[in-house]
Amino acid sequence: MMKYSLDINGRVYENFTEEYLRSSLVAMLDTEPGEDNFLILDPAEPIQNSIYIQTWYENGVFDIETRIVHADDSYTHYLYKTSSLEEATKLFTEYYLYQKLPNITEWQDVTDTM
């Protein structure tokens, strides 16, 4: 299995399970407004040129992002918003368990805001 690091509000974990990843996403729902509330899943090797998938949760919405690095070292940064915990969990667990990049064709290219 590929190695990952999981950054939850600045605390980095190297050894974690799928269940811990899932419960960390659920825990985001209970964060007080204004508190840090982000999660970054960082693979040891890029997944289809994606160097991470991350989310933050605010006002009932998961903002999910991934960055695709190109051969010339440029990148494209994508954003997807969902209010569904189930959908967010599916995107993260498929990235973690199966090294599957989400279908980003419907995601918003936000590279210009970086």
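No experiment lies behind these values; they were computed from the predicted model shown.

**Let's talk about a negative patch on the surface**
Working step 1: Together, Asp-30, Glu-32, Glu-35 and Asp-36 give the surface a local cluster of negative charge.
Working step 2: Along the polypeptide, Asp-36 turns up in the loop between helix 1 (18–27) and strand 3 (38–43).
Working step 3: Accessibility expressed as a relative area gives 53% for Asp-36, which makes it exposed.

**A word on the nonpolar core**
Working step 1: Counting residues in each nonpolar core, the largest one holds 24 residues, and the members touching the most others are Leu-39, Leu-41, Ile-64 and Phe-92.
Working step 2: At the level of elements, strand 1 (4–8), helix 1, strand 3, strand 4 (50–58), strand 5 (61–69) and helix 2 (85–98) are the ones that each hand at least two residues to this core.
Working step 3: If one sorts the elements of this core by residue count, helix 2 sits on top with five residues.
Working step 4: Beyond its immediate chain neighbours, meaning those up to four positions away, Ile-64 contacts Ile-53, Gln-54, Thr-55, Tyr-78, Leu-79, Tyr-80, Thr-82, Ala-88, Leu-91, Phe-92 and Trp-107.

What counts, and at which threshold
- Residues numbered from 1 in each chain as written.
- Predicted model: local features only at pLDDT ≥ 70, side-chain atom pairs only at ≥ 80, totals over all residues.
- Heavy atoms only, no water.
- Patch = residues over 30% accessible without salt bridge, like charges linked within 9 Å, V, L, I, M, F, W, Y side chains within 5 Å.
- Areas by Shrake-Rupley, 256 points an atom, 1.4 Å probe, with all protein chains shown as cover.
- Salt bridge = Lys/Arg side-chain N within 4 Å of Asp/Glu carboxyl O.
- Lys, Arg positive; Asp, Glu negative; His and termini not counted.
- Charge placed at Lys NZ, Arg CZ, Asp CG, Glu CD.
- Helix = DSSP H or I, 4+ residues; strand = E, 2+ residues; numbered from the N terminus.
- Buried < 20%, exposed > 50% of the residue type's maximum accessible area, 1.4 Å probe, protein only.
- Core = buried A, V, L, I, M, F, W, Y, C linked by side-chain atoms within 4.5 Å.
- Contact = heavy atoms within 4.5 Å.

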